[in-house]
Amino acid sequence: DVYKRQVSTQSTWVVAHVSGIIRSLPRNSHDSEPIAIAECEHEISCGEVCISCGEPTKEMKQRSYGGLDSKISYSRARALKEERKYLESLFKSRKLMLVLDIDHTLVHTCSSDCPDLAVLTEGERFTDETGFTFIVKLRPFLSMFLETVGKLFDVYVYSHGSQRYAESIVALIDPEEKTIRQNRIFGRESTDITCKLKTLENLLPADQTISIIIDDREDVWANRENLIRIFPFVYFNSELISYDRSMYPALSYRSQDCSLLYFSNLLRNLHNLFYDLQSKNSKAADMRIIISYVRSYILKGTKINLTALENSRAIQYQKTIASMGGSIQPSIQKHTILLVNKYTESEAVREAESKGGKVADVEWLVLSERYWWKLPLDWFLVGKDKVVAKANEMELASAMQKKLQEGTYWMYEFHNEVLKGILDNETIDNVLNKKKKIEE
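A quick note: this is a predicted structure, and the numbers were derived from the prediction, not measured.

### Overview of the packing of aromatic side chains
Given two aromatic rings, their pairing is described by the distance between the two centres and the angle made by the two planes. Tallying each qualifying case throughout the model produces ten aromatic pairs. Pairing Tyr262 with Tyr371 gives two aromatic rings, centres 4.0 Å apart and planes at 15°, and the pair type is stacked. Residue Tyr262 is found in helix H5 (residues 259–279), and its partner Tyr371 is found in helix H9 (residues 363–371); the two are separated by 109 residues along the sequence. Note on Phe274 and Tyr275: the rings are 5.2 Å apart at their centroids and 75° apart in plane angle, and the pair reads as edge-to-face. A cation sits over an aromatic face here: Lys137 above Tyr235, 4.5 Å from the ring centre. Positioned above the aromatic ring of Tyr158 is the side chain of Lys198, whose terminal nitrogen or guanidinium carbon lies 5.7 Å from the ring centre.

### Looking at the confidence of the model for the protein
Averaged over every residue, the pLDDT of the protein is 78; the share at 70 or more is 71%. By mean pLDDT, the top-scoring element of the protein is strand E9 (residues 96–100) (97), and the lowest-scoring one is strand E1 (residues 2–7) (43). Across residues 1–9 the pLDDT falls below 50, and counting only partners more than four positions away or on other chains, this stretch makes 22 contacts in the model. In the predicted structure, residues 241–253 sits below a pLDDT of 50 and forms 20 contacts with residues beyond four places in sequence or in another chain.

### What to know about the packing of helix H7 (residues 311–323) against H9
Orientation of H7 relative to H9, taken along the N-to-C sense of each, is 45°, at an axis distance of 11 Å. By the angle class used here, H7 and H9 are oblique. In this structure, H7 meets H9 at a crossing whose hand is left-handed. When H7 is examined against H9, the residues Tyr317, Thr320 and Ile321 are found in contact with a partner set consisting of Leu365, Val366 and Glu369.

### Let's talk about the sheet that holds strand E19 (residues 337–340)
Strand order in the open sheet formed by four strands is E18-E17-E19-E20, and the pairing between neighbours is parallel. Strands with a single pairing partner mark the edges of an open sheet, and in this sheet they are strand E18 (327–328) and strand E20 (358–361). Pairing geometry for strand E17 (residues 303–305) and E19, over two bridges, is parallel. Paired with Ile304 across the strands is Ile337, a residue of E19. Those strands touched by helix H8 (residues 347–354) are E19 and E20, and its axis lies near 150° from that of E19.

### As for the pairing of strand E10 (residues 107–111)
Burial runs high along E10: four of the five residues are buried. When E10 meets strand E12 (residues 133–138), the two strands line up antiparallel, connected through five bridges. When the bridges of E12 are listed, Ser111 appears paired with Phe134.

### Some thoughts on the environment of Lys280
Within the element layout of this structure, Lys280 appears in the loop between H5 and helix H6 (287–297). Note on Lys280: relative accessible area 49%, which makes it partly exposed. Taking the C-alpha atoms as reference points, Lys280 and Leu423, separated by 143 residues in sequence, lie 9.2 Å from one another. Setting aside anything within four residues of it in sequence, one finds Lys280 in contact with Leu419 and Leu423.

### Some words on the sheet that holds strand E16 (residues 227–229)
Consider a sheet: its strands pair through backbone hydrogen bonds, and that pairing is either parallel or antiparallel. Strands sit in the order E14-E13-E9-E15-E16 across an open sheet of five strands; the sheet is parallel. Each of the sheet's edge strands pairs with one partner strand only, and the pair in question is strand E14 (185–186) and E16. Its contacts with the sheet put H6 on E9, strand E15 (211–215) and E16, and the angle it makes with E15 is roughly 55°.

### Comments concerning the nonpolar core
Considering soluble globular proteins, one finds that nonpolar side chains tend to be buried as a cluster. In terms of nonpolar packing, the biggest core is built from 97 residues, with Ile212, Leu270, Leu339 and Trp364 touching the most fellow members. Counting residues per element, this core draws most heavily on H5, which supplies eleven residues. Discounting residues that sit within four places of it in the chain, Leu339 has contacts with Ile304, Asn305, Leu306, Ala308, Leu309, Ala360, Asp361, Val362, Trp364 and Leu365. Within the second largest apolar cluster, nine residues are counted, among which are Ile332, Tyr343, Val349 and Ala352.

### Observations regarding unusual backbone geometry
The phi dihedral of Glu177 is positive, around 55°, even though this residue is not glycine. As for its placement among the helices and strands, Glu177 is situated in the loop between helix H3 (163–173) and E14. Under the relative-accessibility criterion, Glu177 is labelled partly exposed at 38%.

### Let's talk about the pattern of salt bridges
Pairing between side chains of opposite charge can happen when their charged atoms approach one another. In this structure the tally under the stated criterion is twelve salt bridges. Two residues, Glu176 and Lys178, come together in a salt bridge whose shortest N-O distance is 3.5 Å. The two residues Glu176 and Lys178 agree in class, both being exposed. For Lys355, the salt bridge identified is with Glu351, shortest N-O distance 2.9 Å. Among the residues examined, Glu351 registers a relative accessible area of 28% and is labelled partly exposed. A network of salt bridges, in which partner residues are shared, links Glu43, Arg78, Lys81, Glu82 and Lys85.

Rules of the game
Residues numbered from 1 in each chain as written. Predicted model: local features only at pLDDT ≥ 70, side-chain atom pairs only at ≥ 80, totals over all residues. Heavy atoms only, no water. Phe/Tyr/Trp six-rings, centres within 6.5 Å; stacked < 30°, edge-to-face > 60°. Helix = DSSP H or I, 4+ residues; strand = E, 2+ residues; numbered from the N terminus. Lys NZ or Arg CZ within 6 Å of the ring centre and 35° of its normal. pLDDT = per-residue confidence, 0-100. Contact = heavy atoms within 4.5 Å. Axes fitted to C-alpha atoms, helices over the stretch in contact; angles between N-to-C directions. Parallel < 35°, antiparallel > 145°, perpendicular 65-115°, else oblique. Left-handed = near helix turned anticlockwise from the far one by under 90°. Pairing = 2+ DSSP bridges. Buried < 20%, exposed > 50% of the residue type's maximum accessible area, 1.4 Å probe, protein only. Core = buried A, V, L, I, M, F, W, Y, C linked by side-chain atoms within 4.5 Å. Salt bridge = Lys/Arg side-chain N within 4 Å of Asp/Glu carboxyl O.

This is the structure we're talking about:
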């Protein structure tokens with residue numbers, strides 16, 4: 001197929017009918033042996049040019065993936081090969097992939113004219129390329145959280161904010177790149193977003209078994225089975241207008257938010273479950289399965305009665321309780337937990353007290369869901385002579401740290417039981433079907 005060949009003392013040029021890779025050349029310039037050229041498959045390109053043959057690839061089906069190399073575009077076949085290599089390197093180092101949102105997950109940011117600056121005790125300023133200044137409040141326990149997860153995960157930041165903004169926040173919270181590398185930060189410009197939803201396919205072409213997503217919003221993700229929703233961190237009062245104010249404590253308590261403390265330990269245990277399952281060659285070594293099963297275990301065996309709550313709230317909590325493995329009891333029996341907004345001597349309360357049930361503030365359920373931990377019921381019991389105050393989250397954080405030091409965090413205690421349950425019962429189809437039934 002070769003129709004022209006030019007030889008110089010330094011290089012050889014071959015002009016052919018197809019772009020490709022030279023597989024063999026004649027031994028010398030006088031040899032009539034044909035030149036073998038393999039047609040290029042254009043597997044990898046950079047700057048819309050194939051790095052093997054130099055042909056433009058703009059019109060070809062290639063794309064970049066943040067988990068591989070966001071500056072390189074791959075064909076589908078080559079991307080899958082690179083993904084397998086990446087997974088092998090992760091497993092060799094006993095790591096997984098963690099994808100973090102920024103706003104209301106790790107920090108709360110507002111403009112420099114924020115009226116709450118007078119009460120700001122901890123914050124940083126940064127100025128974007130247009131000269132606009134932002135104020136950033138870091139979520140409590142952020143440094144400890146990043147240090148913990150950095151040992152267990154390849155950590156990525158995936159924001160729908162601008163690339164400049166995402167990089168500025170990461171430079172603030174991890175200036176030495178100990179946990180989050182520069183090439184693992186993605187804003188809206190640097191990922192191939194073809195719709196409004198975030199998707200793990202912008203990071204890896206196929207695998208979704210190794211990834212955990214932490215975000216305060218579920219509705220922005222296509223991969224909800226991988227998502228653990230964290231309660232939104234809203235520090236500045238001026239931003240609360242778009243949120244349900246009743247769900248947020250006073251400013252002094254917001255500065256004591258301990259979500260990241262709980263989540264650092266949750267993630268450690270999810271990581272351990274994955275590798276325990278993998279060591280048994282289980283197909284359930286899949287974060288979608290593990291996350292769903294662990295959530296369904298939080299209130300396993302817990303019987304709850306909602307008759308003391310108004311109907312709208314009771315309906316809202318029914319799905320929450322079902323997804324966490326608890327059961328709704330229409331009648332009050334011994335060991336039933338009656339949830340109340342506040343203690344009053346109602347008929348339901350009197351019945352619970354007479355039958356040996358427990359009467360607890362509904363905050364117990366709210367915070368147990370928020371922290372993925374069945375909090376000790378004793379902290380929330382109410383009665384004639386015992387009215388629980390709205391939870392002081394710093395006291396909860398202190399109690400949590402104590403339990404962690406004692407090794408009594410619930411996933412430590414039930415690790416083997418959860419592991420056995422997954423091995424015995426769960427496949428990804430079962431998980432998705434169970435979740436669909438709960439949502440319906």
